[in-house]
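Structural characterization, general
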Amino acid sequence: MDPLRQSPSPCSSRPSSPRTPPCETLGDVGIEAVLDQLKIKAMKMGFEFNIMVVGQSGLGKSTMVNTLFKSKMWKSTLPGLGVPTPQTLQLQSVTHVIEEKGVKLKLTVTDTPGFGDQINNDKCWDPILGYINEQYERYLQEEILITRQRHIPDTRVHCCVYFVPPTGHCLRPLDIEFLQRLCRVVNVVPVIARADSLTLEERETFRSRIQHNLRTHCIDVYPQKCFDEDINDRILNSKIRDRIPFAVVGADQEHLVNGRCVLGRKTKWGIVEVENMAHCEFPLLRDLLIRSHLQDLKDITHNVHYENYRVYRLNESHVLPRGPGWVNLAPAPTDPPATPGPWKVCRRAHDSSDEEC
Amino acid sequence: MAATDIARQVGEGCRTVPLAGHVGFDSLPDQLVNKSVSQGFCFNILCVGETGLGKSTLMDTLFNTKFEGEPATHTQPGVQLRSSTYDLQESNVGLKLTIVSTVGFGDQINKEDSYKPIVEFIDAQFEAYLQEELKIRRVLHTYHDSRIHACLYFIAPTGHSLKSLDLVTMKKLDSKVNIIPIIAKSDAISKSELTKFKIKITSELVSNGVQIYQFPTDDESVAEINGTMNAHLPFAVIGSTEELKIGNKMMKARQYPWGTVQVENEAHCDFVKLREMLIRVNMEDLREQTHSRHYELYRRCKLEEMGFKDTDPDSKPFSLQETYEAKRNEFLGELQKKEEEMRQMFVQRVKEKEAELKEAEKELHEKFDRLKKLHQDEKKKLEDKKKSLDDEVNAFKQRKTAAELLQSQGSQAGGSQTLKRDKEKKN
């Protein structure tokens, strides 16, 4: 029916499904070497990662970023000293290139000072959603160019770390509203900030209440259950899902403990070691974000969230006004897939029971 | 949106920030590789060459398995492409290999159009990918990529130069696919002839402007080996799936009365080099070139053909959306038209059927009437006959009674005489 589709040559142009079962190659052909080739290519190209931290001021977002990437990304703002609280929500992005063992990572951190700080916080998520969608839009525009670049610069937000204040009770309405909207467009990892103000039991009750809240409101945080590919992933991710939200403490000052130099917060009653699993769950967060699931975060952003945005954008194109509005991105939707429709794009063809929410 | 104020410190001069400790993202390449392994790789090879040059045997030798398929005859009316997909597994790496072979290439008397099916096939794969990419709901990451990544062009071992068919075909293919020319069945050429042959081939290719695939030399780890290999193009290869015992090892070889040619011996042929280059060193680069160069070129040409002009950046995304819309309207219009057509056809058919049925009914009626008439005629005839028969019977009866009457009268008069006479006659 599509006039563009040429009729293929006499034989089927789509290769037929394999009739032979997977055959073991005897001896080595060298297919394995393609893994090394991939590695070399990846190392040459470098990696990109964009992370956004969202939360009220004073929850230790900048410090957390510095701790995560062990470098001074931001000047950690000391509360109450000279820096006036912004009247409106402003997003600030900083890009750095960090290198470790030959692997170059271009890291972009977006901070959201002023979030939730006003008296009336209605629609305070709009700028953030707008920013995220703007990045998708930028990528989309690059992708549909006729002569496009070999490597489209990826500024899409791969992960959004949401800082929940350690009230010890449950999620606040602002949190719930924000999480509901955000988890549809980006991978959200909620964390309990400043967890050194909670005892271990308080932490556990807080955590279970938050998990209950998340379930009640159908908020699907990363790692999403419907994207588990196989049984190993499921086991691994279930362990992570049990501990979400992580109770983290950020610190960028080093102290001497038992002769070792550790990152920690020094208080009169002791030193909270950031990297000690008994003290806080920062190592879990770091492992999730960087050591084990970074590529997965990027993949889900690219294959699911970006595709959802693209579908929505291309479908609605005849509704939105034309003209400068396209390129200006001004009327870019601040509240895209509010309908459950586009969310159904799943990575693998899973049974629909997983897709609900 | 007035509340948003994005301050960005970005640009080519991004600060490189020193790390104060081990962060852990050096596992990134491993994460990437693990993901790719779980997804599997796919690689598509196109073998172009005349019938009988050993394409299937070479594939078998390269991948160390016996791919099914029977050899083609020389009587094909035109060039066709035969494609088959195999799942190969080596330790934990799965490869979906598609091998496409030309069937009947070079067998016809008039070979002017021999290259066309090949070019059409390659374009069809690009088209399929482009269609998938342009779809609104697409699944690119699970899409089975069928674009040809490498084209092995088999040159017949004449020892002189390239045939004009080869030149023409390669010229048509060089902008669409990575061409790796190889000299097939090279055990038919001696070493000195081989060097001359290779030089001749390369000079002919250069003078005709054919762009064959050059192994990449920009990355230090492979620059050296690729550089030397580039000098050995085209590779002189021999394919064999028979294993013979040489020394104390089983090796793939071809046995002749005057000696044995070992496939994996670098002094005998360039098979090992081909395998190295094609699979072990440059598979990823071949795939990347296909995607970023050949496919992009095709896409650009196709989109420009569809009506997008490279005027100014504003109009590009603009008109793509416009075309989407226009296409959608067109599509809907077409759908409606088709629906109308179908409906009309349906109505027409119904009418026809009705007319037919009416005809049949009429015929039946006629037949019935005819039969009835026939029946009546027969009946009338029968009745006539019966009547005449009755008449005859009546007449006969009358005559009989008349005769009897006469007889009885007669017998009364001389009846006794006749009776006596009768008696006498009887006696």
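Residues numbered from 1 in each chain as written. Chains lettered and ligands numbered in written order. Predicted model: local features only at pLDDT ≥ 70, side-chain atom pairs only at ≥ 80, totals over all residues. Heavy atoms only, no water.

1. Things to note about the overall build of chain B
Which entries qualify depends on this criterion: Helix and strand definitions follow DSSP, with helices as H or I runs of at least four residues and strands as E runs of at least two, each counted in order from the N terminus. The accessible surface values rely on the Shrake-Rupley method and a 1.4 Å probe; as for residues, cover is taken only from the protein chains in view.
The helix and strand tally for chain B stands at 9 helices and 11 strands. Summed over all atoms, the accessible surface of chain B reaches about 24800 Å², with 53% contributed by carbon and sulfur.

2. Side note on the overall build of chain A
What counts is decided by this rule: When accessible area is computed with a 1.4 Å probe and restricted to protein chains, residues below 20% of their type maximum are described as buried, those above 50% as exposed, and intermediate ones as partly exposed. When checking whether two residues touch, look at their non-hydrogen atoms; a contact exists if any pair is within 4.5 Å.
A count of helices and strands for chain A gives 9 helices and 10 strands. Residues classed as buried in chain A amount to 54% of the 357 residues present. At a minimum sequence separation of 6, the contacts of chain A that also span at least 24 residues come to 70%. In the form shown here, chain A has an accessible surface area of approximately 16000 Å², with 54% of it arising from carbon and sulfur atoms.

3. Let's talk about the pattern of salt bridges
For side chains bearing opposite charge, pairing can occur when the charged atoms are close. Quick reminder of the rule: For this document, the term salt bridge refers to a Lys or Arg side-chain nitrogen within 4 Å of an Asp or Glu carboxyl oxygen.
For the structure shown, the criterion picks out 46 salt bridges over all chains. Of the charged contacts in the structure, one is a salt bridge between Glu281(A) and Arg207(A), with a shortest N-O distance of 2.8 Å. Taken as a pair, Glu281(A) in the loop between β10 (270-273) and α7 (282-292) and Arg207(A) in helix α5 (residues 200-216) lie far apart in primary sequence, 74 residues in all. Each member of the pair, Glu281(A) as well as Arg207(A), is classed as buried. Between Arg343(B) and Glu339(B) there is a salt bridge whose closest N-O contact spans 3.3 Å. In this pair, Arg343(B) and Glu339(B) are both assigned in helix α9 (residues 315-426), 4 residues apart and thus about one turn of the helix distant. What makes Arg343(B) partly exposed here is its relative accessible area of 44%. When its relative accessible area of 47% is taken as the criterion, Glu339(B) is described as partly exposed. Linked by salt bridges that have partners in common, Lys70(A), Glu275(A), Arg286(A), Asp287(A) and Arg291(A) make up one network.

4. A short note on the packing of helix α3 (residues 115-134) of chain B against helix α4 (residues 164-173) of chain B
Residues and elements named next belong to chain B. Heads up, the condition is: Think of each axis as a best-fit line through the C-alpha atoms, taken over the contacting stretch in the case of a helix, with angles from 0 to 180 degrees between the N-to-C directions. The scheme is simple: roughly parallel for angles under 35 degrees, roughly antiparallel for over 145, roughly perpendicular for 65 to 115, oblique for anything else. In this scheme the handedness of a crossing depends on how the near helix is turned from the far one: anticlockwise by less than a right angle means left-handed, clockwise means right-handed. Throughout this entry, Asp, Glu, Lys and Arg are counted as charged residues, while Ala, Val, Leu, Ile, Met, Phe, Trp, Tyr, Cys and Pro are counted as nonpolar. The remaining residues, Gly among them, count as polar.
One can describe the packing of α3 onto α4 by two numbers: an axis separation of 10 Å at closest approach and a directional angle of 20 degrees. Relative to α4, the element α3 is oriented roughly parallel. You can see that α3 and α4 cross each other, and the crossing is right-handed. Contacts between α3 and α4 involve Tyr-115, Ile-118, Val-119 and Ile-122 from the former and Val-168, Thr-169, Lys-172 and Leu-173 from the latter. For the contact of α3 with α4, the residue count by class is 6 nonpolar, 1 polar and 1 charged.

5. A closer look at the UniProt feature "domain: Septin-type G" (unreviewed entry) in chain B
Put simply, the rule is: UniProt positions are given in the numbering used here, feature names are shortened, and annotations may be inferred rather than shown by experiment.
Per the UniProt record, the feature "domain: Septin-type G" (unreviewed entry) sits at residues 39-305 of chain B. Helix makes up 39% of residues 39-305 of chain B and strand makes up 22%, while its end C-alpha atoms are separated by 34 Å.

6. Things to note about unusual backbone geometry
Cis geometry is found at the peptide bond from Ile244(A) to Pro245(A), where omega equals -5 degrees. Assignment of secondary structure puts Pro245(A) in the loop between α6 (231-243) and β7 (246-247). The linkage connecting Leu233(B) with the following residue, Pro234(B), adopts the cis geometry, with an omega of -15 degrees. Mapping Pro234(B) onto the fold places it in the loop between α6 (220-232) and β8 (235-236). With a phi angle near 50 degrees, Lys101(A) is a residue other than glycine that sits in the positive phi range. Tracing the chain through its elements places Lys101(A) in the loop between β3 (92-100) and β4 (103-111).

7. Focus on the confidence of the model for chain B
All names here are of chain B. Here is the rule: Known as pLDDT, the predictor's confidence for each residue is given on a scale from 0 to 100.
Per-residue pLDDT for chain B has a mean of 84; in total, 89% of the residues score no lower than 70. Per-residue pLDDT, averaged within each element of chain B, yields its smallest value for strand β1 (residues 7-9) (40) and its largest for strand β6 (residues 150-155) (92). Long-range and interchain partners of residues 1-13, a stretch whose pLDDT sits below 50, account for 26 contacts in this model, where long-range means more than four residues apart.

8. Focus on the sheet that holds strand β8 (residues 254-257) of chain A
For sheets, the rule is that strands pair by backbone hydrogen bonds, running either parallel or antiparallel. All names here are of chain A. Put simply, the test is: The rule for pairing is simple: two strands pair if DSSP sees at least two bridges between them.
Taken in spatial order, the 3 strands of this open sheet run β8-β9-β10, and their pairing is antiparallel. Only two strands of the sheet have a single neighbouring strand rather than two, namely β8 and β10. On average, adjacent strands in this sheet sit at an angle of 70 degrees to one another, irrespective of strand direction. With 4 bridges joining them, β8 and strand β9 (residues 260-267) adopt antiparallel strand pairing. Considered in β9, the bridge of Glu-254 is made with Leu-263.

9. Some details on the sheet that holds strand β11 (residues 259-262) of chain B
Residue and element names in this part refer to chain B. An order of β9-β10-β11 is seen for the 3 strands of this open sheet, with the pairing classed as antiparallel. Because the sheet does not close on itself, it has two edges, and the strands there are β9 (243-246) and β11. Taking the axes of each pair of neighbouring strands and ignoring which way they run, one obtains an average angle of 65 degrees across the sheet.

10. A word on a negative patch on the surface
The criterion, for reference: Residues enter patches when they are more than 30% accessible in relative terms and free of salt bridges; like-charged ones are connected within 9 Å and nonpolar ones (Val, Leu, Ile, Met, Phe, Trp, Tyr) within 5 Å. His residues and chain termini do not enter the charge count, which takes Lys and Arg as positive and Asp and Glu as negative. To locate a charge, take atom NZ for lysine, CZ for arginine, CG for aspartate or CD for glutamate.
Taken together, the side chains of Glu352(B), Glu356(B), Glu359(B), Glu363(B), Glu366(B) and Asp369(B) make up a negatively charged region of the molecular surface. Within the secondary structure layout, Asp369(B) lies in helix α9.

11. Some details on a nonpolar patch on the surface
Together, Phe331(B), Leu332(B) and Leu335(B) make up a nonpolar patch on the protein surface, roughly 260 Å² of accessible area in all. Considering the arrangement of structural elements, one finds Leu332(B) in helix α9.

12. Examining the state of the cysteines
Stated precisely, the cut-off is as follows: Criterion for a disulfide: a pair of cysteine sulfur atoms within 2.5 Å.
Considering all chains together, one arrives at 0 disulfides over all chains under this definition. Distance from the sulfur of Cys280(A), which forms no disulfide, to the nearest cysteine sulfur (Cys261(A)) is 17 Å. Accessibility expressed as a relative area gives 0% for Cys280(A), which makes it buried. Here Cys151(B) is not disulfide-linked; the sulfur of Cys47(B) is the nearest cysteine sulfur, at 7.9 Å. On the basis of relative accessible area, Cys151(B) is assigned to the buried category, the value being 0%.

13. A few points about the pairing of β9(B)
Look at any regular strand and the pattern is simple: side chains alternate between the two faces of the sheet. Residue and element names in this part refer to chain B. One ladder, built from 4 bridges, connects β9 with strand β10 (residues 249-256); its direction is antiparallel. If you follow Lys-245 over to β10, its bridge partner there is Met-250. If you look at the hairpin formed by β9 and β10, you'll find 2 residues sitting between the two strands, and Gly-247 has a positive phi there, around 70 degrees.

14. Observations regarding the packing of aromatic side chains
Rules: To pair, rings of Phe, Tyr and Trp, with the six-membered ring standing in for Trp, must have centres within 6.5 Å; the planes then decide the type, stacked if under 30 degrees apart, edge-to-face if over 60, and tilted in the middle. In our convention, an over-ring charge means Lys NZ or Arg CZ found within 6 Å of a ring centre and within 35 degrees of that ring's normal.
Taken as a whole and judged by the stated rule, the model has 14 aromatic pairs over all chains. Relative to Tyr143(B), the ring of Tyr129(B) has its centre 5.6 Å away and its plane inclined at 65 degrees; by these criteria the two rings are edge-to-face. In this pair, Tyr129(B) sits in helix α3 while Tyr143(B) sits in the loop between α3 and β6, placing the two residues 14 residues apart along the sequence. Residue classification places Tyr129(B) among the buried positions, given a relative accessible area of 10%. Centroid distance Tyr129(B) to Tyr295(B): 4.9 Å. Interplanar angle 85 degrees. Geometry classified as edge-to-face. One end of the pair, Tyr129(B), is in helix α3; the other, Tyr295(B), is in helix α8 (residues 283-306), and 166 residues separate them in sequence. Exposure remark for Tyr295(B): the relative accessible area of 0% places this residue in the buried category. Site record: aromatic cluster; members linked through ring pairs are Phe126(B), Tyr129(B), Tyr143(B), Tyr295(B) and Tyr298(B). Positioned above the aromatic ring of Tyr139(A), the side-chain terminus of Arg156(A) is 3.7 Å from the ring centre. Just above the ring of Tyr306(A) sits the side chain of Arg156(A); from NZ or CZ to the centre is 4.8 Å.

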